[in-house]
4 protein chains.
Amino acid sequence: MQRRVGVWLFGARGSVATTTVAGAAALAHGAPPAGVVTEQPAFAGAGLIPIDRLVFGGHDPSDTPLSKQVERLVAGGVLPPGLDGLIAAELAETERNLVVLPVADTQDELVRRMAEDIKAFRLRNDLEHVVAINVASTEPPYEVRYADLAELREALKATRIVSEERGGKASGAAEAGHEAAGDAEAGREAAEQALPPSSLGALAAFEAGAAYVDFTPSTSIRPQVVRDWAVERQLPYGGQDAKTGETLVKSVLAPMFTARALPVQAWSGTNLLGGGDGATLADPHAAESKSVSKERVLTELLGGEVPGEVHIDYVDPLGDWKTAWDHVMFSGFLGVRMTLQFTWQGCDSALAAPLVLDLARLSALALERGHVGAMPFLGFYFKDPVESTEHALTRQYDELVRWVQEC
Amino acid sequence: MQRRVGVWLFGARGSVATTTVAGAAALAHGAPPAGVVTEQPAFAGAGLIPIDRLVFGGHDPSDTPLSKQVERLVAGGVLPPGLDGLIAAELAETERNLVVLPVADTQDELVRRMAEDIKAFRLRNDLEHVVAINVASTEPPYEVRYADLAELREALKATRIVSEERGGKASGAAEAGHEAAGDAEAGREAAEQALPPSSLGALAAFEAGAAYVDFTPSTSIRPQVVRDWAVERQLPYGGQDAKTGETLVKSVLAPMFTARALPVQAWSGTNLLGGGDGATLADPHAAESKSVSKERVLTELLGGEVPGEVHIDYVDPLGDWKTAWDHVMFSGFLGVRMTLQFTWQGCDSALAAPLVLDLARLSALALERGHVGAMPFLGFYFKDPVESTEHALTRQYDELVRWVQEC
Amino acid sequence: MQRRVGVWLFGARGSVATTTVAGAAALAHGAPPAGVVTEQPAFAGAGLIPIDRLVFGGHDPSDTPLSKQVERLVAGGVLPPGLDGLIAAELAETERNLVVLPVADTQDELVRRMAEDIKAFRLRNDLEHVVAINVASTEPPYEVRYADLAELREALKATRIVSEERGGKASGAAEAGHEAAGDAEAGREAAEQALPPSSLGALAAFEAGAAYVDFTPSTSIRPQVVRDWAVERQLPYGGQDAKTGETLVKSVLAPMFTARALPVQAWSGTNLLGGGDGATLADPHAAESKSVSKERVLTELLGGEVPGEVHIDYVDPLGDWKTAWDHVMFSGFLGVRMTLQFTWQGCDSALAAPLVLDLARLSALALERGHVGAMPFLGFYFKDPVESTEHALTRQYDELVRWVQEC
Amino acid sequence: MQRRVGVWLFGARGSVATTTVAGAAALAHGAPPAGVVTEQPAFAGAGLIPIDRLVFGGHDPSDTPLSKQVERLVAGGVLPPGLDGLIAAELAETERNLVVLPVADTQDELVRRMAEDIKAFRLRNDLEHVVAINVASTEPPYEVRYADLAELREALKATRIVSEERGGKASGAAEAGHEAAGDAEAGREAAEQALPPSSLGALAAFEAGAAYVDFTPSTSIRPQVVRDWAVERQLPYGGQDAKTGETLVKSVLAPMFTARALPVQAWSGTNLLGGGDGATLADPHAAESKSVSKERVLTELLGGEVPGEVHIDYVDPLGDWKTAWDHVMFSGFLGVRMTLQFTWQGCDSALAAPLVLDLARLSALALERGHVGAMPFLGFYFKDPVESTEHALTRQYDELVRWVQEC
Ligand SMILES: NC(=O)c1ccc[n+]([C@@H]2O[C@H](COP(=O)([O-])OP(=O)(O)OC[C@H]3O[C@@H](n4cnc5c(N)ncnc54)[C@H](O)[C@@H]3O)[C@@H](O)[C@H]2O)c1
Ligand SMILES: NC(=O)c1ccc[n+]([C@@H]2O[C@H](COP(=O)([O-])OP(=O)(O)OC[C@H]3O[C@@H](n4cnc5c(N)ncnc54)[C@H](O)[C@@H]3O)[C@@H](O)[C@H]2O)c1
Ligand SMILES: NC(=O)c1ccc[n+]([C@@H]2O[C@H](COP(=O)([O-])OP(=O)(O)OC[C@H]3O[C@@H](n4cnc5c(N)ncnc54)[C@H](O)[C@@H]3O)[C@@H](O)[C@H]2O)c1
Ligand SMILES: NC(=O)c1ccc[n+]([C@@H]2O[C@H](COP(=O)([O-])OP(=O)(O)OC[C@H]3O[C@@H](n4cnc5c(N)ncnc54)[C@H](O)[C@@H]3O)[C@@H](O)[C@H]2O)c1
Ligand code: NA
Ligand code: NA
C-alpha cells in the first residue's frame, strides 16, 4: 500500500485552510497546479509526496461546515464556480477529520488533548507522517519568558483556563479570559497565560510527533523554549508569516535597490483587505504582529530602517481580495529623487493555499530526512523566516532548491 | 606615478556621457557615490581602479560645449544646482579630449581615423588602459552578413561614404547617406553600408587596443564578425543596452512570478520619455532596436512569449525624466486572476551615469586580467547581455560579484 | 392596457446588447438599478417609461443564441452567477424578436428590408414607440459626400451588394465586399458603398418611424444627409460613442484643471481590453474611429491640443474587463511640474448596459414630446455628443436634468 | 493715485505665505499666472484688483527672514532657481510689513494689539481695503461654547495668557500654555482659553475692518459667535481649508459616481507629505482637524458615509511635495465590482499660493460690494465651505463666476 501524509491545520475552517483542502481536491480532478512551487521541474526526483497522497484534518473553534465555507469562497470569486459540487466527496472526507478545539482545565491538559486529536488522526488514516500547519487567526504579540523547558512545564500546569474561553480562540478578544492559578485578579491580562494558543498548538504537534510550520505571525515557535521542545522531540519546525502579497513584492524590489546601490529614502505602504483575516487585523493589537514581521523584511533587506508607515485597513467590501499600494522614494546619482510605486491586487487565500501544499510536502521530506530543529531553507515562503536573515526571494529560492536536491 | 585609465565615450556630448563626466567630477568634490555599484563593500579589495583615476574622452558629431550640456542638465533637475560652477576645471579638461567624428572616404579609413583618435588620447594622457563605451544615439536595427573577417575587411574598403554624412551620425536619418562603391543607386539603403556607425566604433576601439562596452541596443558587437575581430585583437567586449528603468524592475518581478509558479497571462507596458533619447526613439525605426531588447528579457525570464504590447512614447515636456507604467495580469491557484501594476518615475541619465563608471572600472579589470572575448559576467547591467540568457537580477549580481572576487 | 416601448438593438447579440436585455430582466426580478441614471430621484415625475415596459428586439449578423451569450457573460464575471437560469423566460421572449440582418441586392433595398423588420417588431408587440440603438461592432471611419437627400437616394439605389457580404457585417473586413453598379473593379474599396452599415441602420430606423441613438463611434448619423433624413421624417437622433471608462474620468478631470487654471502639459493614456470590442479594435482601422472621438474630448475640454498618445491594446486574457492608465503632467504656479495618474478597472458591458436603458427611456420621452432632430441634451452619455461642444460631465448632467424636468 | 489692497497673512513666514509673496513678485516680473483662477477671461471686467496692486504683510511667531524661506523653497524645487535674486527688492518691502505676534496679558488685549498691527499696516501703506487670510499652522480641533457676543467678550477679558506662550503659536503643543483667570491649575487644558489663536486672528481682522478668509481647517470662524462678530462689524468672511490636492480630485470624481448612479462601496486614501505642514500634521491631534474636513467632502458628495480610512503620513524626505493615493471601489450594473485608483503628486505650496491671490482679490471685491457675512460663493476653493453643502467642483466654479459677473 502507498504511503500517505497527514496535514493537520490549526484554523481548519478558515479561508486559507478551506482553499487548501478544496484546491488539493480540484487538482485531483485535473486542475492545473498554478502557484504550487513544488510542482516545478526543479523539485522533481526528490521524492516529495504527491499531492493526492495528502490527507487533511485539523482544529478550529468554529463548526461551520467546510462545504459552507467552500460555497462562500465560490461566491466571492476565490474558488471557481461549480467547484463545490465537483469535490463534495473530498470535502465530506476531510470534514470527518476536523475537530473542535478541546476543552481543558489547564494549558498542560489542553496540549495533551490536542496532541491526542492529532495522534487519533494519524492512526485512523494510517499516515506515515503528520505535518501540522498553523493557519489560525493572527494573535496579538505575546511576550514569553521561561528560562528552560522545566520552568515552562510548571507554568503550563499552573495555568487554569476560565470556562468561557476554553478552547482558546485566537482573536483580539482572546488575550483575555485566562487565569493563572493563585491569581485573584484573574485573566484580564494575556501575560497570565503560560502560552498563547498558537504556541500550545506547536507543543501539541510536537507531542504527537508532527512537524510544525507557522503560516502566521503569531507567537507559536517564537519562544526559545518552544523550539527547545521541538528539538527534545527530535522534530523540525518552520515559519513564520507566509509572504504572499505586498511583502513578496518587497522581497524582490528591495534587493534591486540594494544591488544597484540606490539609497531608499522612504518606503510607505497601505494594505486594504476584507475577509476574516482583514476583520482580525482590524484589531490594532492583532495587526501589530503582522506589522512587525512586515517591517523586519525591509529593515533587513535595506540594511537599516527607512522612514515610512505601513497601514493595514479593513475594507469589508473587498471580501477575500487585497489591494496594496507601495510608494518608494529613492535617490540616484548626485541625489536626484525618483519614485517607484506599485499596486498589488491579489486574492490572499488563492495565493496562500498552494504554499500550504508546498510546506506540507517539504516538511514531510524534512521528517523523512530526519531533519531536527529550524528549517531555514523554507525562508522562501516567509516574511520572518526562522533562523535566517536572507530575505531576497531569488536567493531564498535557490537555497530551497539546493536543499531539496541535496541528497 | 599612479596608473590612470581612459574612458572613451562614443556619444560624448549626450546626456548620459555628460552626466557621467560631471558626476565623476562631483564625486571627486565629495558627493556620495549613490548608484555606483562598484563602490559597495563586495567590490573592495579586487583592485578596481579608483574613480578619480578615470580620464574621459570621446567622439561625438555634435560640438556643443560640455559646459552647455551641464547647464542644460542642471536646469532640467538631473544635476544639482551649482554643479556647473564647482566642476568647471574638470569639464574643461575633458573638453580637450573630445573629438568631432572624423571624416573619411571609406568605412575602412573611418575606422582607422577613429582608432587614431583613441590612440592619441591614450598617449597624450599616459593611460594604462582604455575602455570604450558606446553611449551614442540608438541606431535602427541593421542586418549584417559576412562569412568571416576577410569578407568584412573587403566590404569596409569598398564602402564609400557620401560627403554630407561623413562622420556617420547615428539617427533615424543616418541610415541613408552611404554609398557602396560601384552602386549607382546610391546610399538610400542602410544595407549598402558595410557596417553601421556603432560597429565601426567597436572596430576602432579594438584597433586602438581598447575594451568595448555597448550601453545601447545598436548593432555594434551583435555581428559575429565584430566579435571575431575583438578576439583576434585579444580584447574583451560587453553589453548591450543598459537596464536602468522599466526593464530593471521587470528583471526582478518576472523571476518572482516564475519562482512562485504563478502563470503570467499578459504583461503590458507604456514608457513616456522626453530628452534626446526620447526624441531619437520617437522614430519608430530606432525604437525597434530598443523594443526588441526590452521584449527579449520578458520572454526569456518567463520561459515563453506573453501577450501584451510595450509602448515607447515621446513626451517632450517630460525632459530627461521617464515614467513607465506596467500592468501584469497573472493567475493564481485554480485560475483566479490577479494583477500587479507599477509606475516607475526615474531620471534616465542619473541612473545610467554611475553604471558607466562601473562598466569602465570592471572592463579595465578585465583588461588587467587578460580577459578575451565576451564578458557575460556584466549581464547585471544589461537588457540583452552578450552570451548569457540569465536575466534575473539577483543571480546576475551574484555572478558579477563572484567574478570580481575570483582571483 | 399599459403602453410599451420597443428597443431595437443593432448588434443585438453582442456583449452590450446581451447585458442590457439580461439586466432589464434582472431588474424585473428585483436587482437594484445600479448605474441606471434615470432611476435617480431627479428623473422621477417626468413620465419616463418604466424599464419593465421596454420590449427588446434587434438585428445581428450572428445567430449565436442569446442564452449562450448570457452564459459566456456569467462565466466572465460580467453577469452574476445563476442569472441565466433566473431569466430564461425573458431571454426566450427577446430571442423571438431578434432577426438576422436581411439580404438585398442594393443598399436601398437593404434599408427597406431592415425597416420592415423594425415595423414588424412594433406591430407584433403592440408598441407605442420604437427607439433604435446602435450597439454593433465599431466600423472604420468612412467619408460620405452627398450634397443632398436626392443625391444620397440615387447612390443607395446604385450600390449593388456582392453576395458574400450581404447583410453588411461591420468589422475591419466589412469595408470590402460592396460593389457599386457599373464598377468593374468591384467592391475592394469601402468608398464604393453609398453608406456604411451603421448609416443604413439609422435610415432604416427613420423609415420605421423610430428614434435613433448611436452608442458607437461609427459613421451612422455623422453625415449631414443622414441627419436631414431624420428631420424629413420628423424624428430625433442622438449619440455618439458612449463614455463609460477612461473618457468618463477625463470628462471630470480635464474641467478640474481648466477651472483651476492649471496648464496641462501632456496627457497620455493606455487602454487594455479584451472581449469582442477589444478584438474589433485590435484592427487599427476600426480603432481609428474610437481614437478620434476619444481625443476630441480632451482637445475641446482643454481648449487646445496637448501632447500625448492614446493607446488601445487588445489583451485577450482580460476578457470583458478594461484597464486604463492615464498620466497627466501639468504645471502649477511658476512652472512647477506635477502629475496626476489614474487607473480605471471596469467592466465595459456592465457600465454600458444601464446607459442603454437610460437612452431608450429618454429617447422615448423625446418622441413623446415630439422632439425633432439632434438631441444635444443627451451629451452626458457620449464622448462625441451631436451638436454640442460641452464635455464637462457635471454641466452635461445638469443640462440633461433640466431637459427632463422642463415640461 | 491708484488704489491698493492689503493682504494680511497669519502665518506670514510659512511655505504658503512665502510662495504667495514670492509668486506675486514673480508675476510682476513677467511670470505667467498659472494656477491663478481669477486671471481667466471669465473674471475679466468685474473690477478685480490687479495682482500688482496687492501689498503683503502679516503675523508670525517665527522671525526667520522671508529671504531665507525663499532660498529654502528654491532649493526644494517649489520656486524656480534664481528667483531669490530677481525679487530681492519685493521681499525686502514685504519684510518691513511683517510683525512678530504681539504679547498680551489677556486674550482681549491680544486681539486689540493684533488689530492695531493690521491698522498700522493699512495706514502706513495707504490701503483702500485689507483682506486677512489665515495660512498659519493647522491647530487641533477646539470646542467653543458661548451663547452670544457678550459672553464671549467676558471670557476674552478673563483669559490670562501665561508668559511662555504669549503670542499663541498654533501647534500641537500650543493647545497648552494658557491660563484662565482664577484657574489655579493653569493652562494645561486648551479648553481654558476663551478662543484658540486662529479665532483671535479672525476677531483682530474684524476689529481692523478687514475681510477674513481661512485657508486652514482650524477653528477660526467655525464658532457662531465669531461669525456674529463679523456681522456686527459688517464684514465678510470665508473659508475653510483650501482644497488643493487629493480633495480637489475627490470633488470631481465623487460627483461623477453620483451622476452615473454608480454606488461607491469604499473609498480609501493615503497622503504622504513632508514640509512644515507635514510636520504639524504628524501630530495626530492637529491632523484630526484636517481629516474631519477631508471626510466631510466625501460624505456630502456621496450622500452618506462610505467605508475607508484616510491616512496622513509625515514622510520627511518628500519635502514640500505631497503624494496621495486613493482607491475607490464601486459597483456597476448587477453588482459587478470595479475600481478607480489615482495618484496625485503635487507641490502643495505651489498649488496654494495662486489661490491665496484669488481669495485676496475676490474678498476685496466683496468688501467693495459691501458684502456682509459668509461668502459661500468661494466654496470652489475649500474642502469645508462656509454655509454651503455644494462640493462638486464644476458647480462651485459656475457659482463663483456667476457671483463675480453678477453686477
Ligand atoms: N492568506 C494569506 O495570504 C496569508 C499570508 C500570511 C499569513 N496568513 C495568515 O493565515 C491565517 C489564516 O488566514 P485566513 O484568511 O484563513 O483567516 P480566517 O479568519 O479566514 O481563518 C482563521 C481560522 O482560524 C480559526 N481559529 C481562531 N483561533 C483558533 C485557534 N486558537 N486554533 C485553531 N483555529 C483557530 C478561526 O475560527 C478561523 O476559522 C491568518 O493568521 C493570516 O494572517 C495568511
Ligand atoms: N539613460 C539610460 O538610462 C539608458 C539606458 C539604456 C540605454 N541608453 C542608451 O544610451 C544612449 C545615450 O542616451 P542619451 O540619453 O545620452 O542620448 P542623447 O541623445 O542625449 O545623446 C546621444 C549622443 O550621441 C551622439 N551621437 C549620435 N551619433 C553618434 C555617432 N555615430 N558617434 C558618436 N556619437 C554619436 C549625439 O550627437 C548625442 O550627443 C542611447 O542610445 C540610449 O538608448 C540609455
Ligand atoms: N461597452 C462600452 O462601454 C462601450 C462604450 C462605448 C462604445 N461601445 C461600443 O458599443 C459597441 C458594442 O460593443 P460590444 O462590447 O457589445 O461588442 P461586441 O463585439 O460584443 O458586439 C457587437 C455585435 O455587433 C454585431 N454586428 C456586427 N456588425 C453588425 C451590423 N452591421 N449590424 C448589426 N450588428 C452587427 C456583432 O455580430 C456583435 O454581435 C461597440 O461598437 C463599442 O465600441 C461600447
Ligand atoms: N499648501 C496647501 O495646499 C494647503 C491646503 C490647505 C490648507 N493648507 C493649510 O495652510 C497652512 C499653512 O501651510 P504651510 O505649508 O505654509 O505651513 P508652514 O508650517 O510652512 O507655515 C505655517 C506658518 O504659520 C506660523 N504660525 C504658527 N502659529 C501661528 C499663529 N498663531 N499665528 C500666526 N502664524 C502662526 C508658523 O510659524 C509658520 O511660519 C496650514 O494650516 C495648512 O494645513 C495648506
Ligand atoms: Na531577485
Ligand atoms: Na465636474
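Let us look at the structure shown here. Predicted model, so just to flag it, every value in this text is computed and none were measured.

The rules behind the values
Residues numbered from 1 in each chain as written. Chains lettered and ligands numbered in written order. Predicted model: local features only at pLDDT ≥ 70, side-chain atom pairs only at ≥ 80, totals over all residues. Heavy atoms only, no water. Disulfide = S-S within 2.5 Å. Pairing = 2+ DSSP bridges. Helix = DSSP H or I, 4+ residues; strand = E, 2+ residues; numbered from the N terminus. Donors = N, O, S within 2.8 Å, 3.2 Å for Na, K, Ca; no water. Buried < 20%, exposed > 50% of the residue type's maximum accessible area, 1.4 Å probe, protein only. Polar contact = N/O pair within 3.5 Å; in protein donor to acceptor, adjacent residues only side chain to side chain. Contact = heavy atoms within 4.5 Å. Axes fitted to C-alpha atoms, helices over the stretch in contact; angles between N-to-C directions. Parallel < 35°, antiparallel > 145°, perpendicular 65-115°, else oblique. Nonpolar A, V, L, I, M, F, W, Y, C, P; charged D, E, K, R; others polar. Phe/Tyr/Trp six-rings, centres within 6.5 Å; stacked < 30°, edge-to-face > 60°.

1. Section: the state of the cysteines
If you walk through the whole model with that rule in mind, you get 0 disulfides over all chains. Counting only cysteine sulfurs, Cys347(A) is the nearest neighbor of Cys347(C), a cysteine outside any disulfide, at a range of 19 Å.

2. What to know about the sheet that holds strand S2 (residues 54-60) of chain B
Residues and elements named next belong to chain B. The sheet built from 7 strands is open, its strands ordered S3-S2-S1-S4-S7-S8-S13 with parallel pairing. Each having just a single partner strand, strand S3 (98-100) and strand S13 (373-374) make up the two edges of the open sheet. Of the strand pairs in this sheet, strand S4 (residues 129-134) and strand S7 (residues 211-214) are connected by 4 bridges, and their pairing is parallel. Its bridge partner being in S7, Ala132 is matched across the sheet by Tyr212.

3. Here's the deal with the coordination of the sodium ion (ligand 5)
Distances from the sodium ion (ligand 5) to its protein donors, Thr394(A) (OG1) and Thr394(B) (OG1), fall within 2.3 to 2.4 Å. Here the residue Thr394(A) occupies a position in helix H13 (residues 393-405), and Thr394(B) occupies one in helix H13 (residues 393-405), the pair thus bridging two chains. This pair shows no difference in class: Thr394(A) is buried, exactly as Thr394(B) is.

4. A few points about the side chain of His311(B)
Mapped onto the secondary structure, His311(B) falls in strand S10 (residues 310-314). Of the polar contacts made by the side chain of His311(B), one reaches the side chain of Asp313(C); its length is 2.8 Å. Among all residues touching His311(B), those that are not within four sequence positions of it are Gly269(B), Thr270(B), Asn271(B), Thr270(C), His311(C) and Asp313(C).

5. Looking at the packing of helix H7 (residues 197-207) of chain A against helix H8 (residues 224-232) of chain A
Residue and element names in this part refer to chain A. Where H7 contacts H8, the two axes come as close as 9 Å, and the packing angle between them is 10 degrees. As summarised for this structure, H7 and H8 are arranged roughly parallel, according to the angle between their axes. Residue-level inspection shows Ser199, Ala202, Leu203, Phe206 and Glu207 of H7 in contact with H8, the latter providing Val226, Trp229 and Ala230. Here the contact of H7 with H8 is composed, by residue class, of 6 nonpolar, 1 polar and 1 charged.

6. So, the sheet that holds strand S3 (residues 98-100) of chain D
Sheet strands pair via backbone hydrogen bonds, and the direction of the pair is either parallel or antiparallel. Residue and element names in this part refer to chain D. If you trace the 7 strands from one edge of the open sheet to the other, you get S3-S2-S1-S4-S7-S8-S13, paired in parallel fashion. Only two strands of the sheet have a single partner each, and these edge strands are S3 and strand S13 (373-374). Bridge count between strand S1 (residues 5-10) and strand S4 (residues 129-134): 6 bridges; the pairing is parallel. Across the sheet, the residue bridging to Val5 is His129, located in S4. Here helix H5 (residues 107-125) sits on the sheet in contact with S1, strand S2 (54-60), S3 and S4, set at roughly 150 degrees to S1. Helix H12 (residues 348-368) contacts S1, S2, S4, strand S7 (211-214) and strand S8 (236-239) of the sheet and is inclined by roughly 135 degrees relative to S4.

7. Topic: the coordination of the sodium ion (ligand 6)
Each protein donor to the sodium ion (ligand 6) is listed here as Thr394(C) (OG1) and Thr394(D) (OG1); together their distances run 2.3 Å. On the basis of relative accessibility, which here comes to 8%, the residue Thr394(D) falls in the buried class.

8. Observations concerning the packing of aromatic side chains
All names here are of chain D. The tally for this structure, following the rule as stated, stands at 46 aromatic pairs over all chains. Pairing Phe377 with Trp403 gives two aromatic rings, centres 3.9 Å apart and planes at 5 degrees, and the pair type is stacked. Of the two residues, Phe377 sits in the loop between S13 and helix H13 (393-405) while Trp403 sits in helix H13, which places them 26 residues apart along the sequence.

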